[in-house]
Amino acid sequence: MTTPASEAHQCWSADQTAYLRNLDPEDRIAWAVLYQSAPVRTESGSTSHSLNFPVPIVSAYANEPEAVARRVVEILNRHWDEEPTQ
């Protein structure tokens, strides 16, 4: 039996990032929801890792930017491997 990708690797995470806008210095730090695809085994036997990159940015304008970003991450990781239903 194989392990679902959501258990072996979490594609989504949250971390602080710089928000480059004309804001006060204390408001320039925001929370980002980051995506990183699962590591891939190459033909040579080595493992290739992708870079993290921010998808949405949760600025300081949100009441609790860290909490919002972490909640989005939790939801995405929980449902990432599910087939969409319509």
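Residues numbered from 1 in each chain as written. Predicted model: local features only at pLDDT ≥ 70, side-chain atom pairs only at ≥ 80, totals over all residues. Heavy atoms only, no water.

What follows covers the overall build of the chain. Summing up its helical and strand segments, the chain has 2 helices and 5 strands in all. Starting at the N terminus, the α and β elements of the chain follow one another as α-β-β-β-β-β-α. Taking all 86 residues of the chain together, the buried fraction comes to 20%. Put simply, 45% of the contacts in the chain that link residues at least 6 apart link residues at least 24 apart. Carbon and sulfur atoms make up 51% of the accessible area of the chain, which amounts to about 6,700 Å² in all. (Helix = DSSP H or I, 4+ residues; strand = E, 2+ residues; numbered from the N terminus. Buried < 20%, exposed > 50% of the residue type's maximum accessible area, 1.4 Å probe, protein only. Contact = heavy atoms within 4.5 Å. Areas by Shrake-Rupley, 256 points an atom, 1.4 Å probe, with all protein chains shown as cover.)

Another aspect to go through is the environment of V68. When you line up the elements, V68 lands in helix α2 (residues 65-79). Note: C-alpha distance between V68 and A14 (54 residues apart in sequence) is 9.6 Å.

Attention shifts here to α2. Taking 1.5 Å of rise per residue, the 15 residues of α2 would be expected to cover 21 Å, and the 22 Å separating its terminal C-alpha atoms lies within 8% of that figure. Of all the positions in α2, only P65, A69, V73 and N77 are classed as buried. For α2, the angular spread of the buried residues around the axis is 95°, confining them to a single face. (Expected span 1.5 Å × (residues − 1). Arc of directions from axis to C-beta.)

Here S44 lies in the loop between β3 (40-41) and β4 (47-48). Relative accessible area serves as the criterion here: at 66%, S44 is assigned to the exposed category. Among the polar contacts made by the side chain of S44, one reaches the side chain of T42 at a distance of 3.1 Å. Among the polar contacts made by the side chain of S44, one reaches the side chain of S46 at a distance of 3.3 Å. (Polar contact = N/O pair within 3.5 Å; in protein donor to acceptor, adjacent residues only side chain to side chain.)

As a further point, take the nonpolar core. One finds C11, W12, A14, W31, V33, Y35, V58, A69 and V73 forming the largest nonpolar core, which totals 9 residues. Among the elements that make up this core, the one with the highest residue count is strand β2 (residues 29-35) (3 residues). What A69 contacts, discounting residues up to four positions off in sequence, is A14, W31, V33 and V58. (Core = buried A, V, L, I, M, F, W, Y, C linked by side-chain atoms within 4.5 Å.)

Take the pattern of salt bridges next. By the definition in use, this model includes 3 salt bridges. R70 is the partner of E66 in a salt bridge, and the nearest nitrogen-oxygen pair spans 2.9 Å. Of this pair, E66 and R70 both sit in helix α2, 4 residues apart, which is roughly one turn of the helix. Classification of E66 as partly exposed rests on a relative accessible area of 36%. We classify R70 as partly exposed; its relative accessible area is 42%. Residues R78 and E74 are paired through a salt bridge, measuring 2.6 Å at the closest nitrogen-oxygen approach. Highlighted residues: R78 and E74, both in helix α2, separated by 4 residues, approximately one helical turn. By relative accessible area, which is 44% here, R78 ends up partly exposed. Salt bridges sharing common partners tie together R71, E74 and R78. (Salt bridge = Lys/Arg side-chain N within 4 Å of Asp/Glu carboxyl O.)

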